[in-house]
Amino acid sequence: MTSRVCAVDWTTAGRIVSQLAAYGHRADFLATRLAGEALNPRDSGARWCSSVMLRELSPMIGRSPA
């Protein structure tokens, strides 16, 4: 789901998922993509995954990169 939604290869998607805090500088981009997927009526698994990732990103959304 992360690979498809964020338009990245599987290796990069795996890094994003396992090290989400390291991608805090891209939190707004990721949140925008994931928010759209969280409303996907055809894929409950994608909705769940997106929601979990959005929860983890929430402290980073809207913060300026350091």
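Read on for a plain summary of the structure. (Residues numbered from 1 in each chain as written. Predicted model: local features only at pLDDT ≥ 70, side-chain atom pairs only at ≥ 80, totals over all residues. Heavy atoms only, no water.)

## A word on the environment of arginine 4
Tracing the sequence through the fold places arginine 4 in helix H1 (residues 2-6). On a C-alpha basis, the gap between arginine 4 and arginine 33 in space is 10.0 Å, while along the polypeptide they are 29 residues apart. Not counting residues within four places of it along the chain, the set of residues in contact with arginine 4 comprises Glu37, Asp43 and Ala46. (Helix = DSSP H or I, 4+ residues; strand = E, 2+ residues; numbered from the N terminus. Contact = heavy atoms within 4.5 Å.)

## Overview of the environment of glutamate 56
Secondary-structure assignment places glutamate 56 in helix H4 (residues 44-57). On the basis of relative accessibility, which here comes to 41%, the residue glutamate 56 falls in the partly exposed class. C-alpha of glutamate 56 to C-alpha of tryptophan 10: the two residues are 46 residues apart in sequence and 20 Å apart in space. (Buried < 20%, exposed > 50% of the residue type's maximum accessible area, 1.4 Å probe, protein only.)

## Quick notes on the nonpolar core
Note that soluble globular proteins tend to have their nonpolar side chains buried in a common cluster. Counting residues in hydrophobic clusters, the biggest one holds eleven residues: Val5, Cys6, Ile16, Leu20, Tyr23, Ala27, Leu30, Leu34, Met53, Leu57 and Met60. Those elements that provide at least two residues to this core are H1, helix H3 (27-37) and H4. A per-element tally of this core places H3 first, with three residues. Setting aside residues no more than four positions away along its own chain, alanine 27 makes contact with Leu57, Met60 and Ile61. (Core = buried A, V, L, I, M, F, W, Y, C linked by side-chain atoms within 4.5 Å.)

## Overview of the packing of aromatic side chains
This model, assessed by the stated rule, comprises zero aromatic pairs. It is arginine 26 that lies over the ring of phenylalanine 29; its NZ or CZ is 4.6 Å from the centre. (Phe/Tyr/Trp six-rings, centres within 6.5 Å; stacked < 30°, edge-to-face > 60°. Lys NZ or Arg CZ within 6 Å of the ring centre and 35° of its normal.)

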